[in-house]
Amino acid sequence: MNTWKTADAVVRHLEATIPVYDVSEQGYSLYVSLVDGRRFIVDAPLEGDVRITPGVRTFEGGQRLLEDLEAELTDAGFDVLQIPATELRVRDDAGGWAR
């Protein structure tokens with residue numbers, strides 16, 4: 001599975017499980033807005049892991065959003081790694097984490 005398919009699978013799963021307000025595509029990124037006003041970006045680079053970064057203004061809000069998303073995606077069977085306070089990485093193969 002390539003990174004775009006993984007990113008799409010992540011967003012489709014989240015749409016089915018949490019209240020998503022809007023998803024827009026810009027290049028190789030999906031911008032997701034939740035009903036509660038929080039936002040995040042799902043990037044699908046040509047190589048490496050899919051990255052999820054918060055689109056909130058505060059450190060605490062971003063950290064809380066990443067923790068919520070990590071719990072939801074891990075429960076769904078995605079392989080997720082949290083880079084504290086900055087991003088989540090999602091991979092779909094047995095290889096090592098891209099750094």
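Reference entry: report on the structure contained in this document. What you see is a predicted model; the values in this text were computed from it and never measured.

Between its terminal C-alpha atoms helix H2 (residues 59-75) stretches 24 Å, which fits the 24 Å expected from 17 residues at 1.5 Å a residue. Those residues of H2 that fall on the buried side of the exposure criterion are Gly-61, Gly-62, Gln-63, Leu-65, Leu-66, Leu-69 and Leu-73. Next to the buried residues of H2 lie helix H1 (3-17), strand S2 (29-34), strand S3 (39-43), strand S4 (50-54), strand S5 (79-83) and strand S6 (87-91). Looking one or two residues past H2, Gly-77 carries a phi angle of roughly 100°, positive in sign.

This part covers the pairing of strand S1 (residues 20-26). With 6 bridges joining them, S1 and S2 adopt antiparallel strand pairing. Across the sheet, Gln-26 pairs through a bridge with Ser-29, a residue of S2. The hairpin formed by S1 and S2 contains 2 residues between the paired strands, and Gly-27 there has a positive phi angle of roughly 65°.

If you look at the biggest cluster of nonpolar residues, it comprises 21 residues, and the most contacted ones within it are Phe-40, Val-42, Ile-52, Leu-73 and Val-90. In this structure, Ile-52 is in contact with Val-10, Phe-40, Ile-41, Val-42, Leu-66, Leu-69, Leu-73, Thr-86, Glu-87, Leu-88 and Val-90, ignoring residues within four places of it in sequence.

Turning our eyes to something else, we now look at the pattern of salt bridges. Should their charged atoms come close, side chains of opposite charge can pair. Counted by the stated rule, this structure contains 6 salt bridges. When the shortest N-O distance is used, the salt bridge between Arg-12 and Glu-15 registers 2.5 Å. Note that Arg-12 and Glu-15 are positioned in helix H1 at a spacing of 3 residues, about one turn of the helix. With a shortest N-O distance of 3.0 Å, Arg-38 and Asp-36 are connected by a salt bridge. For Arg-38, a relative accessible area of 22% gives the class partly exposed. Through salt bridges that share partners, Asp-8, Arg-12 and Glu-15 make up one connected network.

So, about the packing of H1 against H2. For the pair H1 and H2, the least separation of the axes is 11 Å and the interaxial angle reads 100°. When the axes of H1 and H2 are compared, the pair comes out roughly perpendicular. Residues Val-10, His-13, Leu-14 and Thr-17 of H1 form the contact with H2, whose own contacting residues are Leu-69, Glu-72 and Leu-73. Across the contact of H1 with H2, the residue classes tally to 4 nonpolar, 2 polar and 1 charged.

Here is what the cut-offs are and how they apply
- Residues numbered from 1 in each chain as written.
- Predicted model: local features only at pLDDT ≥ 70, side-chain atom pairs only at ≥ 80, totals over all residues.
- Heavy atoms only, no water.
- Helix = DSSP H or I, 4+ residues; strand = E, 2+ residues; numbered from the N terminus.
- Expected span 1.5 Å × (residues − 1).
- Buried < 20%, exposed > 50% of the residue type's maximum accessible area, 1.4 Å probe, protein only.
- Contact = heavy atoms within 4.5 Å.
- Pairing = 2+ DSSP bridges.
- Core = buried A, V, L, I, M, F, W, Y, C linked by side-chain atoms within 4.5 Å.
- Salt bridge = Lys/Arg side-chain N within 4 Å of Asp/Glu carboxyl O.
- Axes fitted to C-alpha atoms, helices over the stretch in contact; angles between N-to-C directions.
- Parallel < 35°, antiparallel > 145°, perpendicular 65-115°, else oblique.
- Nonpolar A, V, L, I, M, F, W, Y, C, P; charged D, E, K, R; others polar.

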